[in-house]
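# Examination of the molecular architecture
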Amino acid sequence: MSTRGRGPSKEDELALRKRIGDRRMIGWFYRSLLPYWPRVLLGMGSMLLSVGLGLLPPLLMKHVIDDVLGDGRMELLGTLVAALISCFLGDAVFSAIRTATMHILAQRMVYDLRRDVHRHLQSLSLGYFESHSTGDIMSRLSNDVGAVENMVAHGTDTLVSDTCRLIGLIIFITVMLWQLALISLIPLPFFAIAIVLFARKVRPYYQKVREELGEINAHLQENISGIRVVQAFAREKHEEELFDRASFGYFKAYAKGVWMWSTFFPAMAFLTSFSFVAIIWYGANLVHGHQHGATIGTLVAFFGWLQGLYGPVRSLLQVHNTINQALAALARIFEITDTKPEITDAPGAQELGRIEGRVEFENVSFRYHTGEIVLSGVSLTASPGQTVALVGRSGAGKTSIANLIPRFYDPLEGVVRVDGRDLCKVTVASLRNQIALVLQDTFLFDDTVRENIRYGRLTATDEEVQQAAIAAHAHEFITEDLPNGYDTHIGERGVKLSGGQKQRLAIARALLADPRILVLDEATSSVDTEAERIIQAAINRLVRGRTTFVIAHRLSTIVNADQILVLEDGSIVERGTHTELMALNGLYKEMYDRQFDIPEIEASLPQDAAPGPARGPSFPGEEYTGG
Ligand SMILES: Nc1ncnc2c1ncn2[C@@H]1O[C@H](COP(=O)(O)OP(=O)(O)OP(=O)(O)O)[C@@H](O)[C@H]1O
Ligand SMILES: [Mg+2]
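These numbers come from a predicted model, not from an experiment.

### Here we look at the overall build of the protein chain
Along its length, the protein chain carries 22 helices and ten strands. The globule rule puts the C-alpha radius of gyration for 627 residues at 25 Å, and the 36 Å found for the protein chain is more than 25% above it. Overall, the protein chain is about 120 × 55 × 50 Å in size when its C-alpha atoms are taken along their principal axes. Out of the 627 residues in the protein chain, the part that is buried amounts to 29%. The contacts in the protein chain between residues at least 6 apart in sequence include a share of 79% that link residues at least 24 apart.

### Focus: the site of ligand 1
Near ligand 1 you find 14 residues, and of these Tyr368, Ser394, Lys398, Thr399 and Ser400 are the closest. Looking at the shell around ligand 1 element by element, the count peaks at three residues for helix 13 (residues 398-404). Grouping the constituent residues of the shell around ligand 1 by class yields three nonpolar, nine polar and two charged.

### A word on the nonpolar core
In this structure, Leu390, Ile507 and Ala508 are the most contacted members of the largest nonpolar core, which totals 66 residues. With seven residues, helix 18 (residues 499-513) is the single largest residue contributor to this core. When residues no more than four places from it in sequence are discounted, the contact partners of leucine 390 are Lys398, Ile401, Phe549, Ile551, Leu565 and Leu567. One finds Met109, Leu113, Val148 and Ala326 within the second-largest nonpolar core, a separate group that totals 21 residues.

### Overview of the pairing of strand 7 (residues 517-521)
The buried count for strand 7 comes to four of five residues, which makes it a mostly enclosed element. Bridge analysis of strand 6 (residues 435-438) against strand 7 gives four bridges, and the strand direction is parallel. Within strand 7, the residue paired with valine 438 across the bridge is leucine 520. Bridge analysis of strand 7 against strand 8 (residues 547-551) gives five bridges, and the strand direction is parallel. When the sheet's bridge partners are listed, leucine 520 is paired in strand 8 with valine 550.

### What to know about the sheet that holds strand 8
The strands making up a sheet are joined through hydrogen bonds of the backbone, oriented either antiparallel or parallel. What the six strands build is an open sheet, ordered 6-7-8-3-9-10; its pairing is mixed. With partners counted over all chains shown, the strands left at the sheet margins are strand 6 and strand 10 (571-576), one partner each. Taking the axes of each pair of neighbouring strands and ignoring which way they run, one obtains an average angle of 20° across the sheet. Against the sheet, helix 18 contacts strand 6 and strand 7, and its axis sits at roughly 175° relative to strand 6. Running over the sheet, helix 21 (residues 587-595) touches strand 9 (563-568) and strand 10 and is turned about 95° from strand 9.

### Description of the sheet that holds strand 5 (residues 421-422)
Pairing in this open sheet of four strands is antiparallel, and the strands run 2-1-4-5 from one edge to the other. Each edge of the sheet is formed by a strand with only one pairing partner; in this case those strands are strand 2 (373-382) and strand 5.

### Overview of unusual backbone geometry
Within the chain, histidine 290 stands out as a residue other than glycine whose phi angle is a positive 50°. With respect to the helices, strands and loops of the structure, histidine 290 is situated in the loop between helix 10 (236-288) and helix 11 (296-306). Assessed through the 9 C-beta atoms surrounding it within 10 Å, histidine 290 is described here as exposed. A positive phi is found at asparagine 363, a non-glycine position, where the angle reads about 50°. Positionally, asparagine 363 belongs in strand 1 (residues 359-367). Owing to 12 C-beta atoms within 10 Å, asparagine 363 belongs among the exposed residues under this scheme.

### Concerning the domain arrangement of the protein chain
As far as domains go, the protein chain holds domain 1 (13-338) and domain 2 (355-434 + 545-627). A separation of 60 Å is found between the C-alpha centroids of domain 1 and domain 2.

### Quick notes on the packing of helix 3 (residues 37-70) against helix 6 (residues 134-176)
For the pair helix 3 and helix 6, interaxial distance at closest approach is 10 Å and the crossing angle is 30°. For the crossing formed where helix 3 meets helix 6, the hand is right-handed. Here Met44, Met47, Leu48, Val51, Gly52 and Leu55 of helix 3 lie close against helix 6, whose contacting residues are Asp157, Val160, Ser161, Cys164, Arg165, Gly168, Leu169 and Phe172. In the contact of helix 3 with helix 6, the residues fall into nine nonpolar, three polar and two charged.

### Things to note about the environment of serine 400
By secondary structure assignment, the location of serine 400 is in helix 13. C-alpha separation for the pair serine 400 and tyrosine 368, spaced 32 residues apart in sequence, amounts to 9.0 Å. If near-sequence neighbours (up to four positions away) are discounted, serine 400 is found in contact with Phe366, Val374 and Leu375.

### Some points on the environment of valine 258
Within the secondary structure, valine 258 is located in helix 10. By C-beta crowding, valine 258 is classed as exposed, having 12 other C-beta atoms within 10 Å. Along the primary structure valine 258 and leucine 41 are separated by 217 residues, whereas in three dimensions their C-alpha atoms are 37 Å apart.

### Considerations on the confidence of the model for the protein chain
For the protein chain, the mean per-residue pLDDT works out to 85, and 91% of the residues sit at or above 70. Segment residues 5-9: pLDDT under 50, and twelve contacts once partners within four positions in sequence are set aside and those in other chains are kept. Confidence drops under a pLDDT of 50 for residues 607-627, and excluding neighbours within four residues, the segment shows 17 contacts in the predicted structure.

### A short note on helix 11
If you check which residues of helix 11 are buried, you get Gly297, Thr298, Leu299, Ala301, Phe302 and Trp305. Contacts from the buried residues of helix 11 go to helix 3, helix 6, helix 7 (178-185) and helix 10.

Reading the values: rules and limits
- Here the residue numbers are simple positions, counted from 1 along each chain's written sequence.
- Chains and ligands are labelled by the order in which they are written, letters from A for the one and numbers from 1 for the other.
- With the structure being a predicted model, the display of local features is reserved for residues of pLDDT at least 70 and the display and counting of side-chain atom pairs for 80 or more, all residues being used for whole-chain, interface and lining totals.
- We count a stretch as a helix when DSSP gives it H or I for four or more residues in a row; a strand needs E for two or more, and each element gets its number in order from the N terminus.
- Taken over C-alpha atoms, the radius of gyration is set against a globule rule of 2.2 Å times the number of residues to the power 0.38.
- Our exposure labels follow a C-beta count within 10 Å of each residue's own C-beta, placed from the backbone: buried means 20 or more other C-beta atoms, exposed means 12 or fewer, and partly exposed covers the counts in between.
- The contact rule is simple: place each C-beta atom from the backbone, and if two of them lie within 7 Å, those residues are in contact.
- For each residue, a C-beta atom is placed from the backbone, and the residue is labelled near a molecule or strand when this atom is within 6 Å of it.
- Put simply, Ala, Val, Leu, Ile, Met, Phe, Trp, Tyr, Cys and Pro go in the nonpolar bin, Asp, Glu, Lys and Arg in the charged bin, and everything else, Gly too, in the polar bin.
- Put simply, a nonpolar core is buried Ala, Val, Leu, Ile, Met, Phe, Trp, Tyr and Cys residues tied into one set by C-beta atoms within 7 Å.
- The pairing criterion for strands is at least two bridges between them, as found by DSSP.
- Throughout, an axis means a line fitted to C-alpha atoms (over the contacting stretch in the case of helices), and angles, computed between N-to-C directions, take values from 0 to 180 degrees.
- Annotation comment: domain bounds sourced from an automatic or database domain assignment.
- The handedness criterion is simple: a crossing whose near helix is rotated anticlockwise from the far helix by less than a right angle is left-handed, and one whose near helix is rotated clockwise is right-handed.
- In predicted models, pLDDT denotes the confidence assigned by the predictor to each residue on a 0 to 100 scale.

Okay, structure coming up:
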């Protein structure tokens, strides 16, 4: 069975909730309500008024029946009807105020929560996103935040209003006729106990429902983002089956829960109807014998109140469910906000002023969260304005070196310095503001071309954006090939761009950022020779005057670099200029010769070998990593 979509960090819901602690979450809840206390007072006040007014009509009905109809005091009818209308009107007005206030309050809290979680999420290190699936994170910010909203809007409201209503009802019926009240209250404790037991029994089903829903989301998210691979391998059927399994799991879990709810409540209603029957029988006897002051009006009022007796008990116990769900959801949200960003400004970290661009690695070793050492004993120095090329076979550690420069990760041992200053002792923002990256799989936002370029410097004018595009050799295709020029929407809803075009936009973006240090990770690997030539021209302009790290498989693009570092298994094994390294006659020369030897290799292949997809030259022993 496929285990796709299950993040490695998924902790058991109850264990997570225990770890976070209900008390802390309830504390959070009250603290978040505190700034909105006037709204809370308004909501609760209107709620109490509407509950109080809702209890009066049966009492007024009693007087209509006994005093107006029974004793013939018609002069009272007008007053009583007016009182009834006032009750209904007041109830409606205060209900409206209460509903609006509580819902707006809930939305306000959710807004605060979502904003805080999002802000925190942005600050988390790359490592966090590598170990959590996108679907999972998104579901926490939407579904789980929604569960909290539900608790604020409905949970608290029901909790307070139904408690008040229940207490009010019990007082009214007891004062009216305690003998009848006793009969109607007897089943109440049993009813409550039954519901508590039932809720306990049904909870695992609902937990299962939530888990299955998460599964569906995770599958869907992976399926959609990986649709290219799915279709390329014609695995639609397979995906359908996986999705179907998740969907059906959800259906099954839900159906079981539904069966329990839908049989339980009618059964309970049936049982409570016995007390109705008892009240009718006993009540009729009392009225008939004129005992304890019982009248027809008393009976009518009684039934009016009884209608509302079991409802609040039931919804109070459902609130229990709402609160449980919200606490489970809140625990998952807290798990995000409790995660400390690994890369933070050290206490007393200093702003890095405009740098010259000297980069040094001193005896750096490094490993990712999970896994083995990927860099060991790496030392290098790039003088300001120099171009340093990193070459080596796939998995040698080139990207890992590049990741340490903007401090996406901290080294395990050794120091990385910029202009002689330890990266761990300067502020992250002031460092990253002076570094730009152009990566193999450029990410463009679902926005216009202009805004995508402007992302490099948000304050840039349209004129500056255009200048950058011209320098990146992107202006031509933007104005000639795109329907709306710079205002063309790219991404989801707009025009799609080729790999080379995206690359040039990324270069324009980097140009606009005007960084002192530049990292180009396989910036030209996804394009053909002609496009590569144009991009190379754009890159040549980009690197001028900046310290540049270039990672390239195609060695022809880096022969002019000031220094070339050859990596093997996380260590630098050769270093020098192209000429020096060729003279060294080592790994570099072997790789270089291999790249320009392709026709010979092909000629030496057996004639009946199946023609493979055209691939660029590669390093000896390089494994095909699928892009
Ligand atoms: N995010 C990560 N988490 C854990 N291990 C990783 C991560 N990224 C890379 N690695 C491991 O680190 C090693 C070096 O990877 P790196 O990406 O630096 O190689 P590379 O030289 O850039 O390769 P390529 O030429 O294929 O891009 C590899 O063994 C890889 O499996
Ligand atoms: Mg790489």
